[in-house]
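For reference, the chains in residue letters:
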Amino acid sequence: MNVDRSSLQTGASVRQACRTGKFTGQTSGLASGFAQANLVILRERDASDFLQFCQKNPKPCPLLEVTKAGDYYPAKLATDADLRTDLPRYRVWKQGTLIDEPTEISHLWREDLVSFLIGCSFTFEAALIEAGLPVRHIDLGLNVPMYRTTIQCEPAGIFSGPLVVSMRPFKPADAIRAVQITSRFPAVHGAPVHMGFPEQLGITNLAQPDYGDAVPVEPEELHVFWACGVTPQAVLMQAKLDFAITHSPGCMFVSDLKDEALTIS
């Protein structure tokens, strides 16, 4: 990474830094006020089933935009954007196995690829911080911890698999406030799906997240879990598609859309 994170104040500046290879890190805390999105790219023949999967599972997969086959620019979320280059890092999947994590995918692009942009909880973190709530992974400069659960998503066509959640620790009073704040952002996962008792989600070791980085949790704090847009990656592993591309966990597409555009009263 050759660029100062503090200089990345807008979606356009983050995308440009990614496009030129100057930024390849995680995007939590960047471009405060600009909505971020998870990315899933599939062949057109698999896109219909995945669209239905997202519609059946809106908490982990709130759709913000779906492109036409072959289009690598999101018409609604940004101007002058290129989904092949404008994320810090991608994941390439074959037969459900991760085979590469490149910083751009232009060489892999095909005319039958459909891109799904899915709401990301990084979007509501700015609102949490503005309300004075500490967001532990941002304070420590880490990626948010994410965990596969034993809760199964609603299946659709060829797609099925476990819910993935992200975790942020809060003191009880702050946890209640966090629920109130994030409930206003249904397009980016909304309110938490679980609070406390991680074993009820099948999570046995919080110190070993499946994705992202572990964060310390104080004895008086609650573990607060939100549905996570990495869920499709767990589902893709199970579907064993011959080809798919996603964002690398924590390395999001940063849009031109302002956070407040995704809030409800």
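Residues numbered from 1 in each chain as written. Predicted model: local features only at pLDDT ≥ 70, side-chain atom pairs only at ≥ 80, totals over all residues. Heavy atoms only, no water.

S.K.: It is not clear to me how the sheet that holds strand β6 (residues 146–152) should be interpreted in this structure. Could you clarify?
M.R.: Hydrogen bonds between backbone groups are what pair the strands of a sheet, and the pairing can be parallel or antiparallel. One open sheet accounts for four strands, arranged β6-β7-β9-β8; its pairing is antiparallel. The open sheet has two edge strands, β6 and β8 (194–195), and neither has a second partner. In this structure, β8 lies alongside strand β9 (residues 222–227), joined through two bridges in antiparallel fashion. Residue Met195 lies in a different strand from β9, and its bridge partner there is Val224. Contacting β6 and β7 (162–170), helix α6 (residues 231–239) crosses the sheet at an angle of about 150° to β7. (Pairing = 2+ DSSP bridges. Helix = DSSP H or I, 4+ residues; strand = E, 2+ residues; numbered from the N terminus. Contact = heavy atoms within 4.5 Å. Axes fitted to C-alpha atoms, helices over the stretch in contact; angles between N-to-C directions.)

S.K.: Can you walk me through the packing of aromatic side chains in this structure?
M.R.: Geometry of an aromatic ring pair is reported as the spacing of the ring centres plus the angle between the planes. Tallied over the entire structure, the rule returns eight aromatic pairs. With a centroid separation of 6.5 Å and 55° between ring planes, the pair formed by Phe53 and Phe159 is classed as tilted. Taken together, the positions of Phe53 in helix α2 (residues 44–56) and Phe159 in the loop between β6 and β7 put the pair 106 residues apart, joining distant regions of the chain. For Phe53, a relative accessible area of 0% puts it in the buried group. Look at Phe159 and you get buried, because its relative accessible area is 0%. (Phe/Tyr/Trp six-rings, centres within 6.5 Å; stacked < 30°, edge-to-face > 60°. Buried < 20%, exposed > 50% of the residue type's maximum accessible area, 1.4 Å probe, protein only.)

S.K.: Looking at this structure, I do not really get the pattern of salt bridges. What am I missing?
M.R.: A side chain of one charge can pair with a side chain of the opposite charge if their charged atoms are brought near each other. Per the stated rule, a full pass over the model turns up 10 salt bridges. A salt bridge links Asp256 to Arg15, with the nearest nitrogen and oxygen atoms 3.0 Å apart. Taken as a pair, Asp256 in strand β11 (residues 253–258) and Arg15 in helix α1 (residues 11–19) lie far apart in primary sequence, 241 residues in all. Exposure remark for Arg15: the relative accessible area of 2% places this residue in the buried category. Arg91 is the salt-bridge partner of Glu101, the closest N and O atoms lying 3.3 Å from each other. (Salt bridge = Lys/Arg side-chain N within 4 Å of Asp/Glu carboxyl O.)

S.K.: Before we go on, may I ask you to explain the nonpolar core in this structure?
M.R.: Across soluble globular proteins, nonpolar side chains have a tendency to be buried as a group. Formed by 33 residues in total, the largest nonpolar core has its most connected members in Leu39, Ile41, Leu117, Leu128, Phe170 and Phe253. Counting residues per element, this core draws most heavily on strand β1 (residues 34–43), at four residues. With near-sequence residues (within four places) excluded, Leu117 lies in contact with Ala37, Asn38, Leu39, Pro62, Leu63, Leu64, Glu65, Pro74, Leu77, Leu83 and Phe253. Counting 28 residues, the second largest nonpolar core, distinct from the first, contains Ala156, Phe159, Met167 and Val235. (Core = buried A, V, L, I, M, F, W, Y, C linked by side-chain atoms within 4.5 Å.)

S.K.: Even after reading the chapter, I still don't get the packing of helix α3 (residues 122–130) against helix α5 (residues 172–182), so can you show me in this structure?
M.R.: What describes two packed helices is the angle between their axes and the distance between those same axes. In the contact formed by α3 and α5, the axes pass within 10 Å of each other and the chain directions differ by 125°. Here α5 runs oblique to α3, going by the angle between their axes. As for how α3 packs across α5, the hand of that crossing is right-handed. Here Phe124, Ala127 and Leu128 of α3 come into contact with α5, specifically with Ala178, Ile181 and Thr182. (Parallel < 35°, antiparallel > 145°, perpendicular 65-115°, else oblique. Left-handed = near helix turned anticlockwise from the far one by under 90°.)

S.K.: What is the right way to read α3 from this model?
M.R.: The periodicity of an α-helix, 3.6 residues per turn, causes residues three or four places apart in sequence to face the same way. Burial analysis of α3 places seven of its nine residues in the buried class, the great majority of the element. Inspection of α3 places Phe122, Thr123, Phe124, Glu125, Ala126, Ala127 and Leu128 among the buried residues, and these make up the whole buried set. Tucked inside the fold, the buried residues of α3 contact β1, α4 (136–139), β7, α5 and β9. A positive backbone phi angle near 85° is found at Gly132, which sits one or two residues after α3.

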